[in-house]
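# Examination of the molecular architecture
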Amino acid sequence: MDYLEFKIKCLEEFREILIAELSEIGFDSFLETEEGIDAYALAGDFDRSAFDEVVSRYSDAAQIELSEGKMEKINWNAEWEKNYDPIAVDDLVYVRASFHPSQPGFKHEIVINPKMSFGTGHHATTFQMLHHQGTIDHQGKRVLDVGSGTGILAIMAHLLGASQIEAFDIDDWCVDNGNENFDLNGVKTRMGLGTIREVNPTGPFDIVLANINKNVLLDEMGIYSDLLIDQGYLLLSGFYTHDVEDLEKLANQLGLKLITQQSKDNWAALVLQKN
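All of the points below concern the structure found in this document. (Residues numbered from 1 in each chain as written. Predicted model: local features only at pLDDT ≥ 70, side-chain atom pairs only at ≥ 80, totals over all residues. Heavy atoms only, no water.)

## Quick notes on the overall build of the protein
Threshold: The helix count covers DSSP runs of H or I at least four residues long, the strand count covers runs of E at least two residues long, and both are numbered beginning at the N terminus. Computation of the radius of gyration draws on C-alpha atoms alone. For the globule rule, the value is 2.2 Å times the number of residues to the power 0.38. Think of it in three bands: with a 1.4 Å probe and only protein chains considered, a residue is buried below 20% of the maximum accessible area for its type, exposed above 50%, and partly exposed in between. It only takes one pair of heavy atoms within 4.5 Å for two residues to be counted as in contact. For the area figures, the Shrake-Rupley method with a 1.4 Å probe applies, and any residue is considered shielded solely by the protein chains shown. In summary, the charge assignment counts Lys and Arg as positive and Asp and Glu as negative, without counting His or the chain termini. By convention, the point assigned to a charge is CZ for Arg, NZ for Lys, CD for Glu and CG for Asp.
The number of helices and strands found in the protein is nine helices and 14 strands. The C-alpha atoms of the protein give a radius of gyration of 18 Å, which matches the 19 Å a tight globule of 275 residues would have. If you line up the protein on its principal axes, its C-alpha atoms span 50 × 40 × 35 Å. Counting all 275 residues of the protein, 53% fall into the buried class. A separation threshold of at least 6 residues defines the contact pool for the protein, and within that pool the share at least 24 residues apart is 63%. When the accessible surface of the protein is split by element, carbon and sulfur atoms take 46% of a total near 12,700 Å². Counting 21 positive and 46 negative side-chain charges, the protein places the averaged centre of each group 4 Å from the other.

Written as structure tokens, this is what we have:
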């Protein structure tokens, strides 16, 4: 099936915001460029009115310039190789693709071939989740990764010593890609397909990881809480800093206490603990 390609010139601080907004309306792959982002959507899945609404909403603030085209075929792996650089999260972990060499000086290394899945470590939310994971004892723990994407957070849990890991995503492409990445990193877990209600994971878990979006987190946080042991940790990201108040309010109602939070590029990440 043909892909629609949108070359979007914009201010640098709006790149990740636009990626997040467009991913919510059917876009499934993005490439960051020197001038902004290239965004791709299957022609059959493209919602013109939703796209126009997003562009209109950010047009002035982000100084958007837009061009549109169609691509009959694209070698996604070749595109990733040209545009995907390794990243480092402090000295905790070095995240690279299989075509990059290893780098000494890090406690851990993760190999991710992301294809069209979300979660390479480049996005501020994934970066912050990895950082928060490094502050929590995973040794011998049961970990649940909700909306796993590339599987990067589940892989991090494995490297930090988790004894059991359950991961799932609603996108079958992510499931296939996640399982490939699990194999690259020696993770025996297989990623499941579905929402948390469909997968119905069996608790309790010591740690629950959820890097999704505000609406899903608000809808599912009660389930996360029920699956946690007393004093267990819930790590959340995928939302903007101005959303923290709403999420913390619900968390408190569920007996979850905010332990720490951080922000990066207007994206927030929280560590909550069940009392």
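Following the structure, the description resumes.
## Focus: the nonpolar core
So the rule is basically this: Put simply, a nonpolar core is a bunch of buried Ala, Val, Leu, Ile, Met, Phe, Trp, Tyr and Cys residues held in one set by side-chain atoms that sit within 4.5 Å of each other.
In terms of nonpolar packing, the biggest core is built from 32 residues, with Val95, Ile110 and Leu130 touching the most fellow members. For this core, the secondary structure elements donating two or more residues are strand E5 (87-89), strand E6 (93-96), helix H4 (124-133), helix H5 (152-159), strand E9 (164-169), helix H6 (172-184) and strand E11 (205-211). The element contributing the most residues to this core is H5, with six residues. Setting aside chain neighbours within four positions, we find leucine 130 in contact with Val89, Leu92, Val95, Ile110, Ile152, Leu153 and Met156. Formed by 27 residues, the second largest nonpolar core is a distinct cluster that contains Phe30, Ile37, Ala50 and Phe51.

## Things to note about the pairing of strand E14 (residues 267-274)
Applied cut-off: Pairing between two strands is assigned when DSSP locates at least 2 bridges connecting them.
Burial within E14 is extensive, with eight of its eight residues counted as buried. Because side chains alternate across E14, one face comprises the buried residues Trp267, Ala269, Val271 and Gln273, and the other comprises Ala268, Leu270, Leu272 and Lys274, equally buried. The pairing of strand E13 (residues 256-264) with E14 spans eight bridges and is classified as antiparallel. Counterpart to lysine 257 in the pairing with E14 is glutamine 273.

## Describing the sheet that holds strand E1 (residues 3-9)
For the record, the criterion: Convention adopted: a line fitted to C-alpha atoms gives each axis, helices being fitted over their contacting stretch, and angles between N-to-C directions are expressed from 0 to 180 degrees.
Read across the sheet, four strands follow the order E2-E3-E1-E4 without closing on themselves; strand pairing throughout is antiparallel. Of all strands in the sheet, those bounded by a partner on one side alone are strand E2 (29-32) and strand E4 (65-71). Averaged over all neighbouring strand pairs, the angle between strand axes comes to 20°, with direction disregarded. Bridging between E1 and strand E3 (residues 36-42) involves seven bridges; their strand directions are antiparallel.

## Some remarks on the sheet that holds E9
Spatially, the seven strands line up as an open sheet ordered E10-E9-E8-E11-E12-E14-E13, and their pairing is mixed. At either end of the open sheet lies a strand with only one pairing partner, and these are strand E10 (192-193) and E13. Against the sheet, helix H8 (residues 214-227) touches strand E8 (142-146), E11, strand E12 (228-240), E13 and E14, its axis set at about 170° to E12.

## Overview of the side chain of asparagine 213
Counted only if it meets this: The definition of a polar contact used here is a pair of N or O atoms within 3.5 Å, where within protein one atom must be able to donate a hydrogen and the other to accept one, and adjacent residues in sequence count solely through side-chain atom pairs.
Along the chain, asparagine 213 turns up in the loop between E11 and H8. Within the local environment of asparagine 213, its side chain forms a polar contact with the backbone nitrogen of valine 216, the two atoms lying 3.1 Å apart. For asparagine 213, the contacting residues outside a window of four places in its chain are Glu24 and Gly238.

## Here we look at unusual backbone geometry
Cis rather than trans, the peptide bond between glycine 203 and proline 204 has omega equal to 0°. Tracing the backbone shows proline 204 in the loop between helix H7 (196-199) and E11. Of note in this structure, asparagine 200 is not a glycine but carries a positive phi near 50°. With respect to the secondary-structure elements, asparagine 200 resides in the loop between H7 and E11.

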